[in-house]
Amino acid sequence: QFLSLIMAPFVAQGIEYSSFLTFVNLIFVCINLYLIISPWRFANFASIKVNENKLERMGRYLCPILSLLLFINILVFIIVLIYIPDISQLKNEKAFTALYESIPLFSIFFRMVAVTQYLGLIAVPFSCYFIYRLQYKKAIKYFILSLATLSASLAFYSRAGILTFVLTVSGFLLLTLSLYQYNIRKKINKYIKKIGIAIICIFITITVVRFNAMPYYGDRIPSKSIIQDPIAYNILDYASQGFTNGIEQLEFHNVEDIMWGNVTFYNINQILAFFGIINWSSDTSVEALQKAYDKKEVDIENDAGAFHGYVCTLVKDFGYFLTFIINLLYYQYVKNKCKRKIISLDSMVILIFLFVQPCVSIFYASYGEFLFALVFYLILRKV
């Protein structure tokens, strides 16, 4: 968050302290960020509590489901790579819609990848448990299955998705480091560094390829920006816009903008509507989202498609009061679980989904993206 904020002036962004409301919003944002970041410091687990019969039963369902998703995600990635090699075309021109009619079932698979992309994270705590039990073959198997999440991000050419997976998995392994033997801790630290370097290279490659195909992007760089190189500008702009965009949007926020869970429950509503359980329109939902961020006083680039940071995203969806209550409950739950020496596998799965949130807080609130995966796991453990 700190780096995100100090990068802003290099790309002609910043917070204009023009009113008392600016300071109020700034304080509110900082308090709520504190509530989702600080409780993780208490983590110092000593052992994992597991019902072996339940673990084996869940594994019978989880492994084939994640294997199938991994296969579908890789298949969609290959199709996208073949038919839409231009990253900017996929991201900016929605070129994937042209494949809906030309390739049978592609639209179903593409939407499936979007809805299920976080399911792979369920496998990470399972992998941690088997590392803890020194059962490395099973640990590697579940780690490979967790790549269902990473492969979904690759299928979308999503830098945010790739970054989310790496930060979440690496951070969660460090969070549970106290569980493992000393030699295992050293290996984990070594692999995290290597994977981190590889992912940074992929991230930069996607950025270079995408924006080299957009020569007009350079014209959008503000003349006041210290950074004028399109590639460098995009990377800094990518990392810094959330905080400043969010404060600017909150300056002009009003009760009419509140969407009452439209963003958070989007995927769930989409599934319920698909099966005819509720009467819901994605077009109406998208219109409400655009209206909430369409402010004449706000810069034209600061629309619904921009990053607004965690707090602003939640405020737009639930309002100030509910946002604070959500984060207060988040703090209490995470603190309570992290302070325990003995952690259950169920709690670890819930924690890794909650851990996604501080990892992506400079971008947006991700509850809506992993909510389906969390509901899926809660159903799975009852089977």
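Each remark here, short or long, concerns the structure printed above.
What this report covers is the structure whose coordinates are included nearby. (Residues numbered from 1 in each chain as written. Predicted model: local features only at pLDDT ≥ 70, side-chain atom pairs only at ≥ 80, totals over all residues. Heavy atoms only, no water.)

1. Examining the environment of Asn73
Alright, step 1. Among the secondary structure elements, Asn73 is positioned in helix H3 (residues 52-83).
Alright, step 2. Sequence separation between Asn73 and Thr149 is 76 residues, and the spatial gap between their C-alpha atoms is 8.6 Å.
Alright, step 3. Residues within four places of Asn73 in sequence aside, it is in contact with Val113, Ala148, Ser151, Ala152 and Ala155. (Helix = DSSP H or I, 4+ residues; strand = E, 2+ residues; numbered from the N terminus. Contact = heavy atoms within 4.5 Å.)

2. Focus: helix H2 (residues 20-37)
Alright, step 1. Taking 1.5 Å per residue as the helical rise, H2 with its 18 residues ought to reach 26 Å, and the 26 Å between its terminal C-alpha atoms agrees with that figure.
Alright, step 2. Contacts from the buried residues of H2 go to helix H11 (230-251), helix H14 (309-318), helix H15 (320-338) and helix H16 (345-359). (Expected span 1.5 Å × (residues − 1).)

3. A word on unusual backbone geometry
Alright, step 1. One non-glycine residue, Leu105, lies in the positive phi region at around 65°.
Alright, step 2. Under the relative-accessibility criterion, Leu105 is labelled exposed at 52%.
Alright, step 3. Positive phi values are uncommon outside glycine, yet Trp260 reaches one of about 50°.
Alright, step 4. Checked against the element boundaries, Trp260 lands in the loop between H11 and helix H12 (266-274). (Buried < 20%, exposed > 50% of the residue type's maximum accessible area, 1.4 Å probe, protein only.)

4. Observations regarding the layout of surface pockets
Alright, step 1. The computed volume of the second largest pocket comes to approximately 720 Å³.
Alright, step 2. What lines the second largest pocket is a set of 24 residues, and nearest its centre among them are Ile131, Phe143, Leu173, Ile188 and Tyr191.
Alright, step 3. In terms of residue count, helix H10 (residues 182-212) provides more of the lining of the second largest pocket than any other element does, nine residues in total.
Alright, step 4. Looking at the lining of the second largest pocket, its residues break down into 20 nonpolar, three polar and one charged. (1 Å grid on protein atoms, 1.4 Å probe; cavity = no way out; pocket = protein on both sides within 12 Å on 5 of 7 lines; lining within 4 Å. Points joined across faces, edges and corners; volume = space filled by probe spheres on them. Nonpolar A, V, L, I, M, F, W, Y, C, P; charged D, E, K, R; others polar.)

5. A look at the pattern of salt bridges
Alright, step 1. Across all of its chains, the model carries five salt bridges by this definition.
Alright, step 2. With a closest N to O distance of 3.0 Å, Arg133 and Glu52 form a salt bridge. Of this pair, Arg133 sits in the loop between helix H7 (123-132) and helix H8 (136-155) while Glu52 is found in helix H3, placing the two residues 81 residues apart along the sequence.
Alright, step 3. We note a salt bridge from Arg381 to Asp346, for which the minimum N-O separation is 3.1 Å. Of this pair, Arg381 sits in the segment after helix H17 (367-380) while Asp346 sits in helix H16, placing them 35 residues apart in sequence. (Salt bridge = Lys/Arg side-chain N within 4 Å of Asp/Glu carboxyl O.)

6. As for empty space enclosed by the protein
Alright, step 1. Inspection of every chain in the model, using the stated rule, returns two cavities of 30 Å³ or more.
Alright, step 2. Counted as a void, the largest cavity has a volume near 100 Å³.
Alright, step 3. Val29, Gly242, Phe243, His308 and Gly309 are, among the 15 residues lining the largest cavity, the residues nearest its centre.
Alright, step 4. Elements represented by at least two residues in the lining of the largest cavity include exactly H2, H11 and H14.
Alright, step 5. No other element matches H11, which puts five residues into the lining of the largest cavity.
Alright, step 6. For the lining of the largest cavity, a count of residues per class yields nine nonpolar, six polar and no charged.
Alright, step 7. A volume near 30 Å³ is recorded for the second largest cavity.
Alright, step 8. Breaking the lining of the second largest cavity down by element, the ones donating at least two residues are H14 and H17.
Alright, step 9. Looking at the lining of the second largest cavity element by element, the count peaks at three residues for H14.
Alright, step 10. Residues belonging to the lining of the second largest cavity are distributed by class as follows: four nonpolar, three polar and one charged.

7. Examining the nonpolar core
Alright, step 1. Core analysis: the largest hydrophobic core is formed by 95 residues, its most contacted members being Trp40, Ile122, Phe126, Phe172, Tyr180 and Phe353.
Alright, step 2. The greatest single-element share of this core, amounting to 11 residues, is contributed by H16.
Alright, step 3. Apart from the residues within four sequence positions on either side, Ile122 is in contact with Leu62, Val349, Phe353, Ala373, Phe376 and Tyr377. (Core = buried A, V, L, I, M, F, W, Y, C linked by side-chain atoms within 4.5 Å.)

8. What to know about a nonpolar patch on the surface
Alright, step 1. A cluster of nonpolar side chains, contributed by Tyr17, Phe20, Leu21, Phe23 and Val24, occupies part of the molecular surface with about 520 Å² of accessible area.
Alright, step 2. Inspection of the secondary structure puts Tyr17 in the loop between helix H1 (2-7) and H2. (Patch = residues over 30% accessible without salt bridge, like charges linked within 9 Å, V, L, I, M, F, W, Y side chains within 5 Å. Areas by Shrake-Rupley, 256 points an atom, 1.4 Å probe, with all protein chains shown as cover.)

9. Regarding the state of the cysteines
Alright, step 1. As enumerated under the stated definition, the model contains zero disulfides in all.
Alright, step 2. For the unlinked cysteine Cys30, the closest cysteine sulfur is that of Cys312, found at 14 Å.
Alright, step 3. Judged by its relative accessible area of 41%, Cys30 falls in the partly exposed class.
Alright, step 4. Free cysteine: Cys63, not disulfide-bonded; nearest cysteine sulfur from Cys128 at 15 Å. (Disulfide = S-S within 2.5 Å.)

10. Things to note about helix H9 (residues 159-175)
For the α-helix, the turn length of 3.6 residues means that residues three or four positions removed from each other point alike.
Alright, step 1. Taking 1.5 Å per residue, 17 residues should reach 24 Å; H9 reaches 24 Å between its end C-alpha atoms and fits that length.
Alright, step 2. Among the 17 residues of H9, 14 are classified as buried, and the element is accordingly described as predominantly covered.

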